[in-house]
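# Analysis of the macromolecular model
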Amino acid sequence: MLSVKNIHANIDGREILKGINLDIKPGEVHAIMGPNGSGKSTLASVLAGREEYEVTEGAVSFLGKDLLELSTEDRAREGLFLAFQYPVEIPGVSTTNFIKAAVNEKRKYLGQEPLDAVAFLKMMKEKMALVEIDQRLLSRSINEGFSGGEKKRNEVFQMAMLEPKLAIMDETDSGLDIDALRIVANGINKLRSPDRAILLITHYQRLLDYIQPDYVHVLYNGRIVKSGTKELALELEEKGYDFITDEVDLAANQ
Amino acid sequence: MKEKPDTLEQAVLTEYKYGFVTDIDTDVIAKGLSENTIRLISNKKNEPEWMLDWRLKAYNHWLKLEEPKWSNVKYPIINYQDIIYYAAPKPKKQLNSLDEADPELLATFEKLGISLNEQKRLTGVAVDVVMDSVSIATSFKEQLSEIGVIFCSISEAIQLHPELVKKYLGSVVPMTDNYFAALNSAVFTDGSFCYIPKGVRCPMELSTYFRINTENAGQFERTLIIAEDESYVSYLEGCTAPMRDENQLHAAVVELVAHTKAEIKYSTVQNWYPGDKNGLGGIYNFVTKRGMCKGDHSKISWTQVETGSAITWKYPSVILKGDHSIGEFYSVAFTNNHQQADTGTKMIHLGKNTRSRIVSKGISAGHSQNSYRGLVRASKQATNARNYSQCDSLLLGDKCGAHTFPYIEVKNKTAIVEHEATTSKIGEDQLFYCKQRGIDAETAVALIVNGFAKEVMNQLPMEFAVEAQKLLAISMEGSVG
Ligand SMILES: Nc1ncnc2c1ncn2[C@@H]1O[C@H](COP(=O)(O)OP(=O)(O)O)[C@@H](O)[C@H]1O
Ligand SMILES: [Mg+2]
């Protein structure tokens, strides 16, 4: 579904991603872990198509298409979803209207009729139950004045509504207390399906107690320095990132 | 190269759709302003002596005034001798109805999306059309006159209802009020006149459509609306102008008088040519609009959607003279590229238990500057006066500016004045968030702006709300149809 080959990316002339390789198949859950500043969000942004980042080398194919050739909005409409680490506030636009626009833009792209009000409402109801989000939140301006937990839950709700093929979740667990974490993780688990892949970006392994990944990758200094199964996450938890990063730094210095 | 706008800057690029010129036979007088110009205008309009005297008085007063400098707008010195003060499409014959108007003219208005013929009957909107200096024709006159409503051009009112014009002209905006009001009083050429008799609820929207066509012509229209006791009227004005490299001056005066228990709702969709993206050309829109809630329990409500003009300088105001009277001001001002807007309102509370409400939404994009300037005054006698003001600014990008200048003068201890203000900014982060959800830049900006302006848009009469929303979208976007 997603194949990332040797991606290098710059921002303001500084190389942040230094050759990333990643293969994700439908139904798989991959976790990307790594210390702060290692390039996790940058990878998410590059895949989603943020213009500030310049891809200098490499290729990405998504569902057989050249991802880097697609505009940001077309990537989304093709089924790539990014749950933001820091969802922005958009004053004046209700969450409901925003999601409705998003859903219908995607339908238009796929040559489908826009959802009518009744069908949309029905879908909202279903998905709201799925991710346990309060209806009152949805009539407010998107993310405006939302608590950290509400913002993250709203991201998962949007993911549910947009039914992506690939969902990249950038630290959807950070800043959540244990109850909120459980609700968000439950929501994500319910959205797992054989034809949907999930890329979980996280700094801590606690999210992986709730969502079992098929693979775990460690990103450090713009490179994936180690890949494994979920046991790798436990090892990281136990020993800290240092046990890997020291190794990498040592190798670099030799 | 991508054709579709991607960044915020591209998404808000204006393309003015009304910038064409109609090739029509026009009666134009020479540039310049003097007593003779005024005599010539008055003579062309076959005006009575009192009207000419009034104009000359205003002109002589204007000569003593200096152009105001206090607003937050910058423009080169206007050469008042370089303006044409009278330009009129030559009528082929006397018109009885709009259907008889020059086909070229009708086509012009069709192109602007304003149907002047039968069609409008369905939507129940009476239209007066002013091209350059004259009113071309007014629809539905007869049906309206059956219930005693007078809706005609001000020129016609001067001829047919001189007693009303004499009584009310300058009663709300005196000719001495300010520089541009004095100029307008001297040289006004046309505009609309509405009179709603006692107890009549005007059954249709009255609307005037202003169009500047002639090069170098100034537009100086004068509108006067009188609502007698217990009457109601909803009035709407719209305006456009061709794209030209030089600036053109528009200096209008609008006066509203609401008697006891009367209500006037005045809506404006202002879309004068704003100039090109480098700030070349565009209309200078220097307008004085004021309403007088003369009787007890009267109400005046201003709603404006301002998207056009290179410079806007206007403060639709309400003098709350009658006890229990109500003044409202709802405004959306959108500025883009190098546009400058200094707009707001004045609510002057004189009567007891008077209430006013101000909702101002300023949207700035590009390199534009958008200022809200509002005055709320409660006089000594204004016991229990109440005002609520809310001024919100939205910045699209980081090269534009929003400014808020609220002035509050309270002389009565029982008065309560509340003011709230917010500023929010839309940047590339918000745009990226929208695009990541499959919403392209143009749609995103429209969504954001319409959401922001909704409270004001909801005040517009139904038929116009849709038009205004489209207009707002067009003003911001290169290619959304
Ligand atoms: N907009 C930006 N401008 C300059 N540097 C940036 C920008 N965004 C990220 N970086 C830098 O790129 C590196 C990786 O950041 P990021 O991808 O956010 O890391 P992570 O998500 O793993 O914590 C950091 O050193 C950060 O400072
Ligand atoms: Mg990050």
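Residues numbered from 1 in each chain as written. Chains lettered and ligands numbered in written order. Predicted model: local features only at pLDDT ≥ 70, side-chain atom pairs only at ≥ 80, totals over all residues. Heavy atoms only, no water.

An unreviewed UniProt entry annotates chain B as Fe-S cluster assembly protein SufB originating from Pedobacter panaciterrae.

For chain A, an unreviewed UniProt entry supplies the name Fe-S cluster assembly ATPase SufC and the organism Pedobacter panaciterrae.

### Some points on the overall build of chain B
For the record, the criterion: Each helix is a run of H or I in the DSSP string that is no shorter than four residues. Each strand is a run of E no shorter than two, and both are numbered from the N terminus. Relative accessibility thresholds used throughout: buried, under 20% of the residue-type maximum; exposed, over 50%; partly exposed, between the two (1.4 Å probe, protein chains only). Contacts are residue-level and defined by heavy atoms, with any inter-residue pair within 4.5 Å sufficient. Accessible surface is estimated by sampling points in the Shrake-Rupley manner with a 1.4 Å probe; for residues, cover comes only from the protein chains shown.
Along chain B, the regular secondary structure elements total 12 helices and 23 strands. In chain B, which comprises 481 residues, the proportion classed as buried is 64%. Across chain B, contacts joining residues at least 24 apart in sequence account for 85% of those joining residues at least 6 apart. Here chain B has roughly 18200 Å² of accessible surface; of this, 50% comes from carbon and sulfur atoms.

### Overview of the interface of chain B and chain A
Quick reminder of the rule: Buried surface area refers to the total accessible area, computed with a probe of radius 1.4 Å, that the two partners give up upon joining, counted for both partners together. Salt bridges are identified by distance alone: a Lys or Arg side-chain nitrogen within 4 Å of an Asp or Glu carboxyl oxygen. We call two N or O atoms a polar contact when they sit within 3.5 Å, provided that within protein one can donate a hydrogen and the other can accept it, with sequence-adjacent residues counted only if both atoms are side-chain atoms. Residue type decides the class: Asp, Glu, Lys and Arg count as charged, Ala, Val, Leu, Ile, Met, Phe, Trp, Tyr, Cys and Pro as nonpolar, and the leftover types, Gly among them, as polar.
Contacts between the two partners involve 23 residues from chain B, matched on the other side by 30 residues from chain A. Of the roughly 2300 Å² buried between chain B and chain A, counting both surfaces, carbon and sulfur atoms make up 62%. Its largest share of buried area at the contact with chain A, chain B owes to Phe432(B), Tyr433(B) and Arg437(B), together 34% of the area lost on that side. Among the ionic pairs, Asp440(B) bridges to Arg77(A), the shortest N-O distance being 3.9 Å. Taken together, chain B and chain A are joined by 12 residue pairs in polar contact (both at pLDDT 80 or more). Listed by contribution, the elements that provide at least two residues to the side of chain B that touches chain A are strand 23 (416-426), helix 10 (428-436) and helix 11 (441-457) of chain B. Of all the elements, helix 10 of chain B adds the most residues to the side of chain B that touches chain A, at 8 residues. Here the side of chain B that touches chain A is composed, by residue class, of 9 nonpolar, 6 polar and 8 charged.

### Observations regarding the coordination of the magnesium ion (ligand 2)
Residue and element names in this part refer to chain A. Rules: Donors, by definition, are the N, O and S atoms found within 2.8 Å of a metal, the threshold being 3.2 Å for Na, K and Ca, and water is not counted, so a site can look incomplete.
The protein atoms donating to the magnesium ion (ligand 2) are Ser41 (OG) and Gln85 (OE1), with metal-donor distances spanning 2.1 to 2.3 Å. You can see serine 41 sitting in helix 1 (residues 40-48) and its partner glutamine 85 sitting in the loop between strand 6 (80-83) and strand 7 (90-94), a full 44 residues away along the chain. In this structure glutamine 85 comes out as buried when scored by relative accessible area, which is 15%.

### Describing the sheet that holds strand 10 (residues 197-202) of chain A
Residue and element names in this part refer to chain A. The following threshold applies: We call two strands paired when DSSP finds no fewer than two bridges between them. For helices, the fitted line uses only the C-alpha atoms of the stretch in contact; every axis is such a line through C-alpha atoms, and the angle between N-to-C directions lies from 0 to 180 degrees.
Spatial ordering of the open sheet is given by 6-9-10-3-11-12, a layout of 6 strands whose pairing is mixed. On the outer flanks of this sheet lie strand 6 and strand 12 (223-228), each paired with one strand and no other. For this sheet, the mean inter-axis angle between neighbouring strands, taken without regard to orientation, is 20 degrees. When strand 3 (residues 29-33) meets strand 10, the two strands line up parallel, connected through 5 bridges.

### Observations regarding the UniProt feature "domain: ABC transporter" (unreviewed entry) in chain A
Condition: UniProt positions are given in the numbering used here, feature names are shortened, and annotations may be inferred rather than shown by experiment.
Cross-referencing UniProt, the feature "domain: ABC transporter" (unreviewed entry) maps to residues 2-246 of chain A in the present numbering. Note that residues 2-246 of chain A is 40% helix and 29% strand, and that its end C-alpha atoms are spaced 30 Å apart.

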